[in-house]
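# Analysis of the macromolecular model
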Amino acid sequence: MDVGVASDDARVGDSADVRDGDDFDVWVGARASSLLRFAYLMTGSQEAAEESVQTALTTACEKWSRVRRMDDRDAYVRRMVVNAHISRWRTFRRREVPVALVQPGHAGASGPDVARGVTEADRVWRLCASLPPSQRASVVLRFYEDLSYREIAVTLGCREATVRSHVHRALATLRATIEQENSHE
Amino acid sequence: MNDEELEQVMRSGLHTKAGEVEVGGEYAALARAGARTRRHTRVGLVAAVTAAVIVASVAVADRVGQDPDPTLIAGPGTTDASPDRTAETSAVPGDWRVESYGGVQLRVPPDWGWGGVPMKDPAPGPRLMSCGEGAFAFPGDDGQTRFVDDRDMPYVGRAGYYMTDMCTSGGVEQGDATAPPMTTHPWVWLGSPLAIGTVELPNDFVQETVEVNGLRVTVGDDDPQELATILGSIEGVEVDDNGCASATTLPKQSDDLTPMAVESVSVCEYRLRDGSDPLLGYSTSITGSAAQRVFDAIYETPGGQLECDPDVSPSADFVLLRFRSQSEDIDVPVRLDGCGGYYTGGRQGGTRLFTRANVTPWVVDGIGLYASGGMVGNAISGLYDMPQG
């Protein structure tokens, strides 16, 4: 009967959905924290990071049957995080300017090494805040995710030379900032 | 500090900051719920999106049917634009920005820069003359115009804007005339000097020139999908998506300003032309509280007195700020001439002079590069003196 065939197909589909859903949950459980840290470095705020990650994961969930077969799912979703941030940046950047907060150090930590670390981290943070999204993504993927220039180019969908240029300019700016601030100390 | 130490500072800084984020949350469950919501919403949008793509495709097909202008420069490899282009046209990503010029608008990725366009060399022969190649500014993280010293990035160029006084010509013969010097990043030329048609360039770049509303637009890209998407987004408009009319008359002064709850402001830069109405050269828009700040900064500026005759040294352009609220639209003309920069919408129709405080809020995106030959953007950047206000 036609009804029976349809019913069987539906059960097969349901079963695949459940399997995909479990698989998705496991993957998100393992990777969400890492994605959130990456998104935080990309966006500069907890709220924007959570929104970008949630947007990317929602898209990944929609396309999970395809995404799950990819060799590098992380790269695919990281790219979606970047795209989600760029989209949000275009919409809200004139109203929101993330401010680099000076976070308190870990309990018990003190002394010049900690102070120096905080200062350098804040320099890096200020530099990141001044970069446009794609340039900032290049820097974060290079120095936080430790990806090669080629891998970054694939992730961002741009040319390797562009990535090298972005990273080079960011490092040059950081060097100039450090030298300028050191000369005033 | 050597390169290795510098990279270590960057790595260490990023890892320190990454450790500050609070992790945890029901991401998988929320993503599944979000995906279900999107599926329901998308069903209703499919018909509308399909219709929009068809309209864009028809517009491109109309354009490529036009004859090339023999007075414009063409290379030996130029072919008529392929009618198959419509098959490659795809929907424009939502985060792409609008670029508008003289009654034509299109969309490009959000991080592209801005620059100029080569022009036909006034000397006899099919040569191009360049007064600045590549990107000269890009959108800063704070939204304001950011000038660049590295031109090697995708950009949108506009004809009639000189990026530098160091114009170069010569050595570019007809065979090379359609090939821009840089084929390492995509570009769009609004007001192109090139002939309609398609040219294959080095590095897998394809350059296509079309005409809409009498305006030539050239797009060069090594990504066929991106090329098709940009070309498919081109449309002729009388009022662009930023709310700016393609042409207008030169306003003398605005209505008197009264406090208003601003929802958005259109920032429209017009080029003055002999014998014709000023033509829109660049536009952008600002919304929400940022738009309110633009209005408030101007409104709170006391009236001032010009110390010269603006007609003695007229400018090449002016900016029109169109403030929108729920109940009314108010235009505030911004003059940029030999008397400096000023708003003609003062209290009781007076004049308000530029200050850093009342200019900075609206010098966003490419406006700092294009308005008054970049003087406004440079003033904000501190290159020129300007009262703090």
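The structure contained in this document is the topic of the report that follows.

Conventions and cut-offs
- Residues numbered from 1 in each chain as written.
- Chains lettered and ligands numbered in written order.
- Predicted model: local features only at pLDDT ≥ 70, side-chain atom pairs only at ≥ 80, totals over all residues.
- Heavy atoms only, no water.
- Helix = DSSP H or I, 4+ residues; strand = E, 2+ residues; numbered from the N terminus.
- Buried < 20%, exposed > 50% of the residue type's maximum accessible area, 1.4 Å probe, protein only.
- Contact = heavy atoms within 4.5 Å.
- Pairing = 2+ DSSP bridges.
- Axes fitted to C-alpha atoms, helices over the stretch in contact; angles between N-to-C directions.
- Phe/Tyr/Trp six-rings, centres within 6.5 Å; stacked < 30°, edge-to-face > 60°.
- Lys NZ or Arg CZ within 6 Å of the ring centre and 35° of its normal.
- Buried area = accessible area lost by both parts, 1.4 Å probe.
- Salt bridge = Lys/Arg side-chain N within 4 Å of Asp/Glu carboxyl O.
- Core = buried A, V, L, I, M, F, W, Y, C linked by side-chain atoms within 4.5 Å.
- Polar contact = N/O pair within 3.5 Å; in protein donor to acceptor, adjacent residues only side chain to side chain.
- Expected span 1.5 Å × (residues − 1).
- Parallel < 35°, antiparallel > 145°, perpendicular 65-115°, else oblique.
- Left-handed = near helix turned anticlockwise from the far one by under 90°.
- Nonpolar A, V, L, I, M, F, W, Y, C, P; charged D, E, K, R; others polar.
- Disulfide = S-S within 2.5 Å.

Attention now goes to the environment of valine 239 of chain B. Residues and elements named next belong to chain B. Summarising the element assignment, valine 239 is placed in the loop between β13 (235-236) and β14 (264-273). Looking at valine 239, the relative accessible area reads 49%, which means it is partly exposed. Excluding residues within four positions of it along the chain, valine 239 makes contact with Cys244 and Ala245.

Turning to the sheet that holds strand β7 (residues 145-147) of chain B, a few remarks are in order. Residues and elements named next belong to chain B. One open sheet holds the eight strands; their spatial order is β7-β6-β3-β8-β9-β12-β11-β10, and the pairing between them is mixed. Lying at the two open borders of the sheet, with one neighbouring strand each, are β7 and β10 (197-200). When the angles between neighbouring strand axes are averaged without regard to direction, this sheet yields 20°. Contacting β9 (187-190), β11 (206-212) and β12 (215-221), helix α4 (residues 224-233) runs over the sheet at an angle of about 160° to β12.

In total, this model carries 13 aromatic pairs over all chains according to the counting rule given. Seen from their ring centres, phenylalanine 295 of chain B and tyrosine 299 of chain B are 5.9 Å apart, and the 10° between their planes marks the pair as stacked. Taken together, the residues span about one helical turn, with phenylalanine 295 of chain B and tyrosine 299 of chain B both in helix α5 (residues 288-299) at a distance of four residues. Note on phenylalanine 295 of chain B: relative accessible area 1%, which makes it buried. Here the aromatic cluster, defined as three or more aromatic residues joined through ring pairs, consists of Trp114, Tyr161, Tyr282 and Tyr370 of chain B. Taking NZ or CZ as reference, arginine 142 of chain A lies 4.2 Å from the ring centre of tyrosine 149 of chain A, over its face. Sitting above the plane of the tyrosine 161 of chain B ring, arginine 271 of chain B keeps its charged end 4.1 Å from the centroid.

The next thing to look at is the interface of chain B and chain A. Listed as interface residues are 54 residues of chain B and, on the opposing side, 58 residues of chain A. Three residues, Met10, Tyr27 and Asp141 of chain B, lead the burial of chain B against chain A; their summed loss comes to 15% of the area buried on that side. Across the contact surface, chain B and chain A share three salt bridges. Across the pair arginine 175 of chain A and aspartate 3 of chain B runs a salt bridge, and its minimum N-O distance is 2.6 Å.

Another point: the pairing of β14 of chain B. Residues and elements named next belong to chain B. In terms of burial, β14 is largely enclosed, as seven of its 10 residues are buried. Bridge count between β14 and strand β15 (residues 276-287): nine bridges; the pairing is antiparallel. Following the sheet pairing, serine 266 is matched in β15 by serine 285. Hairpin geometry of β14 and β15 is characterised by an intervening segment of two residues between the two adjacent antiparallel strands and by a positive phi of about 75° at glycine 275. Bridge count for β14 against strand β16 (residues 317-324) is eight bridges, and the pairing is antiparallel. Note on β16: the bridge partner recorded for tyrosine 270 is phenylalanine 318.

On to the nonpolar core. Of all hydrophobic cores here, the largest spans 66 residues; its most connected members are Val188, Val217, Ile286, Leu321, Phe323, Tyr343 and Trp362 of chain B. Counting 55 residues, the second largest nonpolar core, distinct from the first, contains Val28, Met42 and Cys61 of chain A together with Ala28 of chain B.

As a further point, take α4 of chain B. Residues and elements named next belong to chain B. Burial within α4 is extensive, with eight of its 10 residues counted as buried. Turning to α4, its buried residues are Glu226, Leu227, Ala228, Thr229, Ile230, Leu231, Gly232 and Ser233. Of the residues that open α4, the one with a side-chain oxygen 3.0 Å from the backbone nitrogen of glutamine 225 is aspartate 223.

All right, on to the side chain of aspartate 221 of chain B then. If you trace the backbone, aspartate 221 of chain B turns up in strand β12. Here aspartate 223 of chain B takes part through its backbone nitrogen, which lies 2.9 Å from a polar atom of the side chain of aspartate 221 of chain B.

Residue and element names in this part refer to chain A. The terminal C-alpha atoms of helix α2 (residues 46-62) lie 24 Å apart, and with 17 residues this matches the ideal 24 Å at 1.5 Å per residue to within 8%. The buried fraction of α2 is high, at 12 of 17 residues. Within α2, burial applies to Ala48, Ala49, Ser52, Val53, Gln54, Ala56, Leu57, Thr58, Thr59, Ala60, Cys61 and Glu62.

On to the sheet that holds β13 of chain B, then. Each strand in a sheet pairs with another by means of backbone hydrogen bonds, the pair being arranged parallel or else antiparallel. Residues and elements named next belong to chain B. Across the sheet, which stays open at both edges, the three strands sit in the order β1-β2-β13 with antiparallel pairing between neighbours. In the strand order of this sheet, the two ends are held by β1 (97-101) and β13, each with one partner. Where strand β2 (residues 104-108) lies against β13, two bridges are found, and the strand directions are antiparallel. Bridging from a neighbouring strand, glutamine 105 pairs with glutamate 235 of β13. The strands that α4 touches are β2 and β13; relative to β2, the one it contacts most, it runs at about 150°.

Attention shifts here to the packing of helix α6 (residues 133-143) of chain A against helix α7 (residues 149-156) of chain A. All names here are of chain A. The interhelical angle for the contact between α6 and α7, taken along N-to-C directions, is 140°, at an axis separation of 10 Å. The angle between α6 and α7 falls in the class oblique. Where α6 crosses over α7, the handedness of that crossing is right-handed. Packed against α6, whose contacting residues are Ser134, Ala137, Ser138, Leu141 and Arg142, the element α7 presents Tyr149, Ile152, Thr155 and Leu156 at the interface. By residue class, the composition of the contact of α6 with α7 is five nonpolar, three polar and one charged.

Residue and element names in this part refer to chain B. Taken as a whole and judged by the stated rule, the model has one disulfide over all chains. In this model, cysteine 244 is linked to cysteine 268 through a disulfide, with the two sulfur atoms separated by 2.0 Å. Between cysteine 244 and cysteine 268, the disulfide has an S-S torsion of -80° and is therefore left-handed. With cysteine 244 in the loop between β13 and β14 and cysteine 268 in strand β14, the pair connects residues that are 24 residues apart, well separated along the chain.

We now examine unusual backbone geometry. The backbone of aspartate 146 of chain A sits at a positive phi, close to 55°, despite the residue not being glycine. With respect to the helices and strands, aspartate 146 of chain A occurs in the loop between α6 and α7. Positive phi values are uncommon outside glycine, yet aspartate 365 of chain B reaches one of about 50°. With respect to the secondary-structure elements, aspartate 365 of chain B resides in the loop between α6 (356-359) and α7 (367-370).

Residue and element names in this part refer to chain B. The buried count for β1 comes to five of five residues, which makes it a mostly enclosed element. Neither face of β1 is left uncovered, since the one carrying Arg97, Glu99 and Tyr101 and the one carrying Val98 and Ser100 both have all their residues buried. The pairing of β1 with β2 spans five bridges and is antiparallel. Paired with serine 100 across the bridge in β2 is glutamine 105. Linkage of β1 to β2, two consecutive antiparallel strands, is achieved through a turn of two residues, within which glycine 102 is found at a positive phi near 55°.

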